[in-house]
Amino acid sequence: MNDFLIWWQNLPAQMNPVIFSLGGFAVRWYGTMYIIAFTVVYLLTLYRLKTEKKPFDRQFAGDALTWAMVGVVLGGRLGYILFYGLDGFFADPLGTLIPWTTSSSGGCSFAGITGMSYHGGVIGVILAMWFFSRSQKKGFFETFDLFIPSLPLGYTFGRLGNFINGELYGRVTDAAIGMYFPMAPTVELRHPSQLYEAFFEGILLFLVLWLLRKKSPYPGFLSGLYLFGYGFVRFFIEFFREPDAHLGFVFLNFSMGQVLCFVMMIAGAAIMLLLASGAKGSPGRK
C-alpha cells in the first residue's frame, strides 16, 4: 500500500507532456487529447444518427464539428485573454494573439498556445453552432442537442491532457489522494483537481445526459441541462482547485471559474424554463 501511495503521489513528475519529437516539432499529449475528444464526440454522434433516426446526415455532423473545432479554439483562447489574461494582452497584444516568437537572429518558432478558457470555448462553440445552423437552415437547439450528450465524454480527455501537463493542479491537502505537482509553487501534496473534473464534469455528466438523450421533452432541454449541470459540478470542484495565481479570488472567496460557472448555471436554467414554457404553449402540446 505504501509503495502504491508513493507511486501515486509522485505520478505527475513521471509523466512527459511530449509524446515524441520530430526535429523541432513536438507532438504533445494535450493537443492529441483534443483530437481524441473530437473523434469521440463525432463517433458517438454518428451512433445517434444511426440508431435514433435524427433528421441529419453524416456530412452535417462532420461539418458542424469542424465549425465547433474552430469555435472552441478561438473562443477558448480569446476567453482566456478576456477572463484571465488582460494584463498580458495589454503588455504584448500581438505576442498574446499569435503563438509565434522571433529571435534576434531573425528565426521564428512556434511558442504554443499558453492558455485556454473552458467558458470561452463554450461561448465560441455556441456562436459557431448558431452561424452554422442558420447557414444550413436547421434549428439551433436541435443542432446543439445532437452533440450535447457526447460532449462531456470528449471533455474528459481535455482534462486528462491538463493532468499530463501538470497544470491546473488543486489546492494543498493532507489527504492521501494528493499529489506532488512539479509546476506548483510549493512542494506539498495537492488535490488532483484535473482528475476530479475529468470524472464529475466528464464521465458522470456524460452518463446523465446519455441516459436522458431519448427522453428530452423539447429541443434545447439537453443543452440547458448541460450548461446547468457543468456549471453546478465545476462550481464545487473549484473549491479543490488552485485559483489562478495572478487573479486569486475575484469575488468574496470565489474564483473566476466559480463566478463564470454561476453565470453558466443561470443561463442553463433560463434556457430550460423559457423553452419549457414555449413548448407548453405550442400548438399540439398540452
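For clarity, every value in this text was computed on a predicted model and none was experimentally measured. (Residues numbered from 1 in each chain as written. Predicted model: local features only at pLDDT ≥ 70, side-chain atom pairs only at ≥ 80, totals over all residues. Heavy atoms only, no water.)

Notes on the overall build of the chain
Helix and strand counts for the chain stand at 12 helices and six strands. Each of the 286 residues in the chain was classed as buried or not, and the buried ones make up 43%. Considering only contacts in the chain between residues 6 or more positions apart, those separated by 24 or more positions represent 68%. (Helix = DSSP H or I, 4+ residues; strand = E, 2+ residues; numbered from the N terminus. Buried < 20%, exposed > 50% of the residue type's maximum accessible area, 1.4 Å probe, protein only. Contact = heavy atoms within 4.5 Å.)

Regarding the nonpolar core
Soluble globular proteins: nonpolar side chains tend toward being buried together. By size, the foremost hydrophobic cluster in this structure holds 37 residues, and its most contacted members are Tyr 118, Met 129, Phe 147, Leu 209, Tyr 226 and Tyr 230. Those elements giving two or more residues to this core turn out to be α3 (29-52), α4 (58-83), α7 (118-135), α8 (140-147), α10 (193-212), α11 (221-237) and α12 (256-280). The element that contributes the greatest number of residues to this core is α11, accounting for seven residues. Every residue in contact with Phe 147, bar those within four places of it in the chain, is listed here: Val 41, Thr 45, Ala 61, Ala 64 and Leu 65. Residues Phe 163, Met 179, Phe 181 and Ala 184 belong to the second largest nonpolar core, which totals seven residues. (Core = buried A, V, L, I, M, F, W, Y, C linked by side-chain atoms within 4.5 Å.)

Describing the environment of Glu 197
Note on placement: Glu 197 falls in helix α10. Its relative accessible area of 1% is what places Glu 197 among the buried residues. The sequence separation of Glu 197 and Arg 241 amounts to 44 residues, and the corresponding C-alpha distance is 9.6 Å. The contacts of Glu 197, once residues within four sequence positions are left out, are Tyr 155, Arg 159, Gly 202, Tyr 230, Arg 234, Ile 237 and Arg 241. At 3.0 Å, the side chain of Glu 197 forms a polar contact with the side chain of Arg 241. (Polar contact = N/O pair within 3.5 Å; in protein donor to acceptor, adjacent residues only side chain to side chain.)

Concerning the packing of aromatic side chains
Enumeration according to the criterion identifies 24 aromatic pairs in this entry. Centroid distance Tyr 30 to Tyr 34: 5.2 Å. Interplanar angle 65°. Geometry classified as edge-to-face. With Tyr 30 and Tyr 34 both in helix α3 and four residues apart, this pair spans about one turn of that helix. We classify Tyr 34 as partly exposed; its relative accessible area is 24%. Relative to Phe 254, the ring of Phe 235 lies with its centre 5.6 Å away and its plane at 50°, an arrangement referred to as tilted. Here Phe 254 lies in strand β6 (residues 254-255) and Phe 235 lies in helix α11, a separation of 19 residues in the sequence. Residue Phe 254 is classed as partly exposed on the basis of its relative accessible area of 27%. The positively charged end of Arg 213 is found above the aromatic ring belonging to Trp 210, 4.0 Å away from the centroid. (Phe/Tyr/Trp six-rings, centres within 6.5 Å; stacked < 30°, edge-to-face > 60°. Lys NZ or Arg CZ within 6 Å of the ring centre and 35° of its normal.)

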